[in-house]
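# Understanding the architecture of this molecule
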Amino acid sequence: MNISGSKPEKAGRSRIIQRWAASFRGCSRGSVAIELALLAPIMAAILLGSIDIGSYIYEKMQLQSAARAGAQYAVQSGGNYSDTASITAAALASSTDLDTGATVTTVSFCACADGSETVVDASTGCGGTCTGGESPALSVRVTVKNTFTPIFPYPGIPNPIVLTGVSSLRVQ
């Protein structure tokens, strides 16, 4: 058996492998496709998250606007603050983007300058005095609630999310 004949064959293979490896070191074909494949899921998650955050903010603004519209209707004239059906209708009509499941609650209360509140008494209204000696002011608070369901379920964030818009205005 001739052992010397196998050495040139091994040396030729090693040169071929070295040339092949050297050609890959300088070649960048396909690297963009690999980078895109690695980054595409991350970019998609960021895009979905941005859409969800934008939708959340828009829905919250719509609820706040509806609550403000309801409170403004309540203070238009002195008697509107007790008409909860009309306040609800005004709040819901203020935005066409509110879901049908939106709920509106209205509360009339007496407020003092120190921030204390009491419920309006049907017989006396806002009678009495506050701690500073001034009379309490009749006010109305309109709360609009709705649920928001994100496109993508996020870990640690409830699904759906209950959003609330609140507006309080002084009636008189």
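See above for the structure.
All of the points below concern the structure found in this document.

Analysis parameters
- Residues numbered from 1 in each chain as written.
- Predicted model: local features only at pLDDT ≥ 70, side-chain atom pairs only at ≥ 80, totals over all residues.
- Heavy atoms only, no water.
- Pairing = 2+ DSSP bridges.
- Helix = DSSP H or I, 4+ residues; strand = E, 2+ residues; numbered from the N terminus.
- Axes fitted to C-alpha atoms, helices over the stretch in contact; angles between N-to-C directions.
- Contact = heavy atoms within 4.5 Å.
- Expected span 1.5 Å × (residues − 1).
- Bend = angle between axes of the 7 residues up to and from the residue.
- Buried < 20%, exposed > 50% of the residue type's maximum accessible area, 1.4 Å probe, protein only.
- Core = buried A, V, L, I, M, F, W, Y, C linked by side-chain atoms within 4.5 Å.
- Lys, Arg positive; Asp, Glu negative; His and termini not counted.
- Salt bridge = Lys/Arg side-chain N within 4 Å of Asp/Glu carboxyl O.
- Patch = residues over 30% accessible without salt bridge, like charges linked within 9 Å, V, L, I, M, F, W, Y side chains within 5 Å.
- Areas by Shrake-Rupley, 256 points an atom, 1.4 Å probe, with all protein chains shown as cover.

### A look at the sheet that holds strand S3 (residues 137-148)
Pairing is antiparallel across the open sheet formed by 4 strands, whose spatial order is S2-S1-S3-S4. Looking along the sheet, the strands with just one partner apiece sit at the ends: strand S2 (117-119) and strand S4 (161-170). Each neighbouring strand pair of the sheet contributes to a mean axis angle of 35 degrees, computed without reference to strand direction. Bridge count between strand S1 (residues 103-111) and S2: 3 bridges; the pairing is antiparallel. Across the sheet, the residue bridging to Ala 111 is Glu 117, located in S2. Strands S3 and S4 of the sheet are contacted by helix H2 (residues 31-75), whose axis makes an angle of about 30 degrees with S4. Contacts between helix H3 (residues 84-93) and the sheet are confined to S1 and S3, with S1 contributing the most and set at about 120 degrees to the helix.

### Details of H2
Compared with an ideal rise of 1.5 Å per residue, which puts 45 residues at 66 Å, H2 spans 65 Å between its outermost C-alpha atoms and is within 8% of the ideal. When the local axis directions of H2 are compared, the greatest deviation, roughly 40 degrees, occurs at Leu 39, which is followed within four positions by the proline Pro 41. Within H2, the full set of buried residues consists of Gly 49, Asp 52, Glu 59, Gln 62, Leu 63, Ala 66, Ala 67, Gly 70, Ala 71 and Ala 74. Those residues of H2 hidden inside the fold are in contact with H3, S3 and S4.

### Here's the deal with the nonpolar core
Core analysis: the biggest nonpolar cluster contains 19 residues, and Leu 63, Val 104, Val 142, Val 144 and Leu 163 have the highest contact counts within it. Secondary-structure elements contributing two or more residues to this core are H2, H3, S1, S3 and S4. Not counting residues up to four positions away in its chain, the partners in contact with Leu 63 are Leu 98, Val 144, Lys 145, Asn 146, Leu 163, Thr 164 and Gly 165.

### Some details on the pairing of S3
In terms of burial, S3 is a largely internal element, 9 of the 12 residues being buried. The pairing of S1 with S3 spans 9 bridges and is antiparallel. By the bridge assignment for S3, Ala 111 is matched with Ala 137. Direction of pairing for S3 relative to S4: antiparallel, over a ladder of 10 bridges. Within S4, the residue paired with Ser 139 across the bridge is Arg 170.

### Brief notes about the side chain of Glu 59
One can find Glu 59 in helix H2. Buried Glu 59, no salt bridge; nearest opposite-charge side chain is Lys 60, N-O distance 10 Å. Apart from residues lying up to four places away in sequence, Glu 59 is in contact with Asp 97, Leu 98, Asn 146, Phe 148 and Leu 163.

### Section: a nonpolar patch on the surface
Nonpolar side chains collect at one region of the surface, where Ile 34, Leu 38, Leu 39, Ile 42, Met 43 and Ile 46 lie side by side and expose about 630 Å² of accessible area between them. Its place among the elements puts Ile 42 in helix H2.

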